[in-house]
Structures are given as C-alpha cells and as structure tokens.
Amino acid sequence: MPVPHSTPPPRPTPTDETLTVRSAQGGDIDACERLARTYQRIAYLFALQLTGHPDDALDLAQEALLRFFRTLGRFDADRPVRPWLLRIVRNLVRDRARRLRVRRHEPLQPNPGVLVPDPPDPSPSPEDRAAKTELQLLLWRAVRRLPPQFREIVSLRDYLGLSYREIAVALRIPTGTVMSRLHRARSMLREEVRRSMGGEAQHD
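Residues numbered from 1 in each chain as written. Predicted model: local features only at pLDDT ≥ 70, side-chain atom pairs only at ≥ 80, totals over all residues. Heavy atoms only, no water.

Enquirer: Honestly, the packing of aromatic side chains in this entry has me stumped. Any pointers?
Expert: Each aromatic ring pair is specified by the distance between its two centres and by the angle formed by the two planes. Taken as a whole and assessed by the stated rule, the structure comprises three aromatic pairs. Pairing Phe68 with Phe69 gives two aromatic rings, centres 4.9 Å apart and planes at 85°, and the pair type is edge-to-face. Take Phe68: its relative accessible area is 1%, and that puts it in the buried class. Taking 4.0 Å as the distance between ring centres and 5° as the angle between the ring planes, the aromatic pair formed by Phe75 and Trp84 counts as stacked. Residue class for Phe75 comes out buried when judged on its relative accessible area of 6%. Here the aromatic residues Phe68, Phe69, Phe75 and Trp84 are joined through ring pairs into a cluster of three or more. Lying across the ring of Tyr164, Arg157 places its NZ or CZ 4.4 Å from the centre. (Phe/Tyr/Trp six-rings, centres within 6.5 Å; stacked < 30°, edge-to-face > 60°. Buried < 20%, exposed > 50% of the residue type's maximum accessible area, 1.4 Å probe, protein only. Lys NZ or Arg CZ within 6 Å of the ring centre and 35° of its normal.)

Enquirer: Looking at this structure, how should I read helix H1 (residues 16-25)?
Expert: The α-helix advances 3.6 residues per turn, and as a result positions three or four apart in sequence lie on the same side. The complete set of buried residues in H1 reads Thr18, Thr20, Val21 and Ala24. Within H1, the buried residues cover an arc of 165° as seen down the axis, which keeps them to one side. Those residues of H1 that are buried are in contact with helix H2 (29-51) and helix H4 (81-100). Looking one or two residues past H1, Gly27 carries a phi angle of roughly 100°, positive in sign. (Helix = DSSP H or I, 4+ residues; strand = E, 2+ residues; numbered from the N terminus. Arc of directions from axis to C-beta. Contact = heavy atoms within 4.5 Å.)

Enquirer: Teacher, can you tell me more about unusual backbone geometry here?
Expert: Residues apart from glycine generally show negative phi values, whereas peptide bonds are mostly found in trans. Positive phi is not limited to glycine here, since Arg172 has a value of about 60°. Residue classification places Arg172 among the exposed positions, given a relative accessible area of 63%.

Enquirer: Looking at this model, I keep getting lost on H4. Mind explaining?
Expert: Across its 20 residues, H4 extends 29 Å between first and last C-alpha, which sits within 8% of the 28 Å expected from 1.5 Å per residue. Taken residue by residue, H4 has Val81, Pro83, Trp84, Leu85, Leu86, Arg87, Ile88, Val89, Arg90, Leu92, Val93 and Arg96 as its buried positions. (Expected span 1.5 Å × (residues − 1).)

Enquirer: What exactly am I supposed to notice about the pattern of salt bridges here?
Expert: Throughout the structure, instances matching the rule amount to 13 salt bridges. With a closest N to O distance of 2.6 Å, Arg186 and Asp158 form a salt bridge. Residue Arg186 is located in helix H8 (residues 175-203), and its partner Asp158 is located in helix H6 (residues 148-159); the two are separated by 28 residues in the primary sequence. The partner of Arg195 in a salt bridge is Glu192, and the shortest N-O contact between them spans 2.8 Å. Of the two residues, Arg195 and Glu192 both sit in helix H8, three residues apart, roughly one turn of that helix. Overall, the relative accessible area of 48% leaves Arg195 in the partly exposed class. (Salt bridge = Lys/Arg side-chain N within 4 Å of Asp/Glu carboxyl O.)

Enquirer: What's the story with the side chain of Glu192 in this structure? I'm lost.
Expert: Judged by its relative accessible area of 15%, Glu192 falls in the buried class. Among the polar contacts made by the side chain of Glu192, one reaches the side chain of Arg195 at a distance of 2.8 Å. Apart from the residues lying within four places of it in its own chain, the contact partners of Glu192 are Ala142 and Arg145. (Polar contact = N/O pair within 3.5 Å; in protein donor to acceptor, adjacent residues only side chain to side chain.)

Rendered as structure tokens:
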C-alpha cells in the first residue's frame, strides 16, 4: 500500500523586521539606519533602567548598537531582534558593573518623560498630574532598590513590554523561570512601595 506523501508546512511569510534585517545584512545602509532608529530607544531605556544614569545609559546603548551591527552577519534574520539586542545591553551593563566594582550613587528621580514611558492622560488636572508624578517617582525608586535579576525582569516586562518568550531569550533562562521571577519581583516591588508609603506617612 503506497504511503501518502505528506505536504510540508508552508514557510512563514517574512515579517517587515526580517526583510529589513536581511537587507541590512546585504549592505543596505537605509536598512541599517531603520534598524538603528527602531531599536536605539529601547536599548537606551533598558540600560537606563539597569544603571539609573542617563549618560552611562546613552554610552551603553550606543555600544550595544555598534556590537549589534558588528555581529549582524551571523544573526538569524528569522529571529526577533529585540531579545538579541537587549541581551547585548545586559551584558554590557554587567561588564561595566564588574569594572567599576563600586556602586555609584543613584539619582533620586528619573529624567522626566524618559524613564517611565506611560501614555499621557489627555486631560489631567494639576492634582492628578502631581499625584501621578509622585507615584512614578515612588515606583522608580522602588524598582531601583530591587536586586539586579529582579529589576531587569520588571524592566523588560512592565516598562519595555517584552513577552515572556522574548525575555527568556534575552536572559537565556526558561520561560517558567521568567514567570516565577517576575511574580517574585512584583511581590517585592509591592512590599517596597508599601514600606515607602508607610514611611512617608510617619513623617507627615
């Protein structure tokens, strides 16, 4: 009895990102510039979340993009770019921390409009704006107090919007570890915010 031939599954249609990466790999300067414009902000924001220093974050993001393009020829264009680039950022931040060896003083407040990219309220009252700013500062300080492995999880998921799978790829850990670590990080963050609010209330 003849064995029926199985039809191979159709190959997925290349995404715009895949096509752009392939063009960049072929030497298309415009494609390289599109990739740089697309990912320079997310690289900067992640570096900023991890370091808390705008100048250092800018240097690290630029170095990450340089490494990104230096290794572009070896990159699988069918893979998503964000986890790969953010892994480079993370490694650079860790290398920098090892070189410095001494923890630098952390800023008390983020650079306005950059660190907490929440969508703007179309018509906030002055009181609402003040309350939102204070809450953002409180959250920022709480995130900065988290241990590095929990801070990077919160930054990738809640600030930069990566999926669990993208985070797993970026950090080279199982998806289940991402979920459990994120749950732990959010619990720690809630406790830190509660402690901060309680501390402020005692001073009133």
